[in-house]
Amino acid sequence: MVEAVLIDLFSLPPNLQNNIQGLLRNTLETIEKCSSIPAPFVYVMCRQRQGSERNGEEESFLPALSDFQSLKKRLEVVHSLTTAAALYTIKQRLDEKDLSVIKVILPTLRKDLMKVYVDHLFTAVYQFEFEDLQVASDGKNLQIAEPQSEGQALPTQDVALIRSEIQTYLESLPSLKGELTILRSSLIPDDIFLHGFTTRTGGISYIPTLSSCNLFSSSKRRDPQVVVKENLRRLANAAGFNLEAFHRVKIDHANAVCVMGKTEPDSYDGIVTNQKGVTIAAPGADCIPVLFADPVRKACGAAHSGWKGTLLGVSMATVNAMVSAYGCNVKDILVVLGPSVGPCCYKLPHESAKEFHRIDPTCVRQFDSASPYIDIRRATRILLESGGILPENIQDDSVMDQNQNITFCTACHPDRFYSHFRDGNNFGTQIGFISIK
């Protein structure tokens, strides 16, 4: 069932501009007649003329809107200078109401253009269907036609212009929830390495569980790739790394490691490099973003370690990749565990908890319960120390000076961090990143 209707009157042909009242009235009549109860939310998208007063333009639509009482409280006119701005505003309205099924009624010539905007600004969470707005040559009669066959793909230069328009608009948006904040470890020497762990503030993501500096997009979440890219651009500017030389692990919740410069695996949870200026990163939203630095051989690594990756030894696999690829000495490698879910909050079924109990009984609390509390950080430390990493070269939540602690519990600090465990499936993601200066 259609939950929202978008009427695109943004770029009407010149001969129809004077009949916009009639166009809108006839379109709303068709929606009202065809709608089930309750009626869908309706958004009318129009171009705002440079320097025009929004209220004045709003009043020009009042005669067409006044007759539709069933839609009145569910209808909104959105004026914007660009299509990107109008669509993004409408997306915010859809997300506020958790709407996902949208019908777009628009002039035939706008359809291929609109599909490019939709592909960039929305994800697979949303379902779109398109209907043609067909108007007789005299501009008086209107009918909504059945969807036509797919048109030709837009020329590359047109797609590039749309991308540029979207990027320019997103760059103009204010940061939300405060300034962009980066946590840094005192263990990693900042004269050799650039590194940090992000928090959730300072980006443009507005959905509550994703707000505001979400750094991961997927088909199951409502943040599109363009928004994540803008958040990442702001992070790169604040941290001082080159976004063109940024590489993130391709998560599989396993223990494969990518060595930069060699054939890239299809998926991997660890990545290492000795190339200057290349920033590598691992995400985390309860799972641990782990950073590795060897100031002697000048090499670094990043790993994503959830409970599965921890049991599979992804952190030591990353260490071993640095040793084999760059001749690192295990005793020189520094390891920092970033913000992640703590044993205060994280539970697993008893069968999975047994695996952590085998690593060390101190990794499990309330072991005899159906869902014991698990300490994936302690398990990571124990496995690293068993592999030869010096205890003093590991920074986690066991540090004596709590002013030096950056391994905060993500679930305990909703104002600072994202948490899958706490927020459910539409969760945001922070990252740990590192590069050689």
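Remember, predicted model here, so these are calculated numbers, not experimental data.

Chemist: How should I be thinking about the confidence of the model for the protein in this particular structure?
Modeler: As a note on interpretation, predicted positions should not be read in detail where pLDDT is low. Looking at the protein as a whole, the pLDDT averages 90, with 89% of positions reaching at least 70. Confidence drops under a pLDDT of 50 for residues 136-149, and excluding neighbours within four residues, the segment shows 29 contacts in the predicted structure.

Chemist: Help me understand the pattern of salt bridges, please; the structure alone is not making it clear to me.
Modeler: A pair can form between side chains of opposite charge whenever their charged atoms are brought close. This model, assessed by the stated rule, comprises 18 salt bridges. Of the charged contacts, one joins Glu351 and Lys354 as a salt bridge, the two residues approaching to 3.0 Å between their closest N and O atoms. Of the two residues, Glu351 and Lys354 both sit in helix α10 (residues 350-359), three residues apart, roughly one turn of that helix. Residue classification places Lys354 among the partly exposed residues on the basis of a relative accessible area of 29%.

Chemist: Whenever I open this one, empty space enclosed by the protein confuses me. Can you help?
Modeler: The probe, sized like a water molecule, is rolled over the atoms to show the empty space still left. Counted according to the given criterion, the structure contains one cavity of 30 Å³ or more. Considering only enclosed or pocket space, the largest cavity measures out at about 40 Å³ in volume. In terms of lining, the largest cavity is formed by Thr310, Gly313, Ser315, Met316, Thr380, Leu383 and Leu384. Of all the secondary-structure elements, those providing two or more residues to the lining of the largest cavity are α9 (314-326) and α11 (376-386). Sorting elements by how many residues they give to the lining of the largest cavity places α11 first, with three residues. Looking at the lining of the largest cavity residue by residue, the class counts come to three nonpolar, four polar and no charged.

Chemist: Sorry if this is basic, but what is going on with helix α7 (residues 225-239) here?
Modeler: Structural remark: α-helix, 3.6 residues per turn; residues separated by three or four positions point the same way. Compared with the 21 Å implied by 1.5 Å per residue over 15 residues, the 20 Å span of α7 between its first and last C-alpha is a close match. Val226, Val227, Val228, Glu230, Asn231, Leu232, Arg234, Leu235, Ala236 and Ala239 are the residues of α7 that are buried.

Chemist: How do you make sense of the sheet that holds strand β19 (residues 430-436) when you look at a structure like this?
Modeler: Across a sheet, strands are paired by hydrogen bonds formed along the backbone, either parallel or antiparallel in direction. If you walk across this open sheet you meet the five strands as β7-β8-β19-β12-β9, and the pairing is mixed. If you trace the sheet from one side to the other, it starts and ends with β7 (182-183) and β9 (246-248), each paired once. Note: strand β12 (residues 279-284) against β19, five bridges, orientation antiparallel. Opposite Gly284, over in β19, you have Gln430 as the bridge partner.

Chemist: Any chance you could explain the packing of helix α4 (residues 83-96) against helix α5 (residues 111-121) here in plain terms?
Modeler: Helix packing geometry: the angle between the two helix axes and the distance between the axes. Look at α4 against α5: their axes get within 11 Å of each other, and the N-to-C directions meet at 50 degrees. When the interaxial angle is binned, α4 and α5 end up oblique. Crossing angle aside, the handedness with which α4 passes α5 is right-handed. On α5, the residues touching Thr83, Ala84, Leu87, Tyr88 and Lys91 of α4 are Met114, Tyr117 and Leu121. When grouped by side-chain class, the residues that make up the contact of α4 with α5 number six nonpolar, one polar and one charged.

Chemist: What is the right way to look at the side chain of Asn231 in this model?
Modeler: Within the secondary structure, Asn231 sits in helix α7. Using a relative accessible area of 0% as the deciding quantity, one classes Asn231 as buried. The residues contacting Asn231, other than those within four sequence positions of it, are Gly203, Ile204, Ser205, Ser212, Cys213, Asn214 and Leu215.

Cut-off values and rules
- Residue numbers here run from 1 along each chain, matching the order of that chain's written sequence.
- Selection of residues for local features in this predicted model requires a pLDDT of at least 70, selection of side-chain atom pairs for listing and counting requires 80 or more, and totals for whole chains, interfaces and linings are taken over all residues.
- Note that water and hydrogens are dropped before the side-chain values are worked out from all heavy atoms of the structure.
- Residue-level confidence of the predictor, termed pLDDT, takes values from 0 up to 100.
- Residue contacts follow a heavy-atom distance rule, with two residues in contact if any of their heavy atoms lie within 4.5 Å.
- What counts as a salt bridge is simple: a side-chain nitrogen of Lys or Arg found within 4 Å of a carboxyl oxygen of Asp or Glu.
- Numbering of helices and strands runs from the N terminus, with a helix taken as a DSSP run of H or I at least four residues long and a strand as a DSSP run of E at least two residues long.
- Each residue is placed in one exposure class: buried if its accessible area under a 1.4 Å probe, protein chains only, is under 20% of its type's maximum, exposed if it is over 50%, and partly exposed if it falls in between.
- Definitions used throughout: a 1 Å grid over protein atoms alone; a cavity as a set of points that fits a 1.4 Å probe which cannot get out; a pocket as an open set with protein on both sides within 12 Å along at least five of seven lines; a lining residue as one with an atom within 4 Å of a point.
- Grid points are joined across faces, edges and corners, and a volume is the space filled by probe spheres set on the points.
- The residue classification treats Ala, Val, Leu, Ile, Met, Phe, Trp, Tyr, Cys and Pro as nonpolar and Asp, Glu, Lys and Arg as charged. All others, Gly included, are polar.
- Given a helix with a known number of residues, its expected span is that number minus one, times 1.5 Å.
- Strand pairing is defined by DSSP finding a minimum of two bridges between the two strands.
- Here the axes come from fitting lines to C-alpha atoms, over the contacting stretch only for helices, and the angles between their N-to-C directions go from 0 to 180 degrees.
- Each angle gets one of four labels, with under 35 degrees taken as roughly parallel, over 145 as roughly antiparallel, 65 to 115 as roughly perpendicular, and the rest as oblique.
- For any pair of crossing helices, the crossing counts as left-handed if the nearer helix is rotated counterclockwise from the farther one by less than a right angle, and right-handed if it is rotated clockwise.

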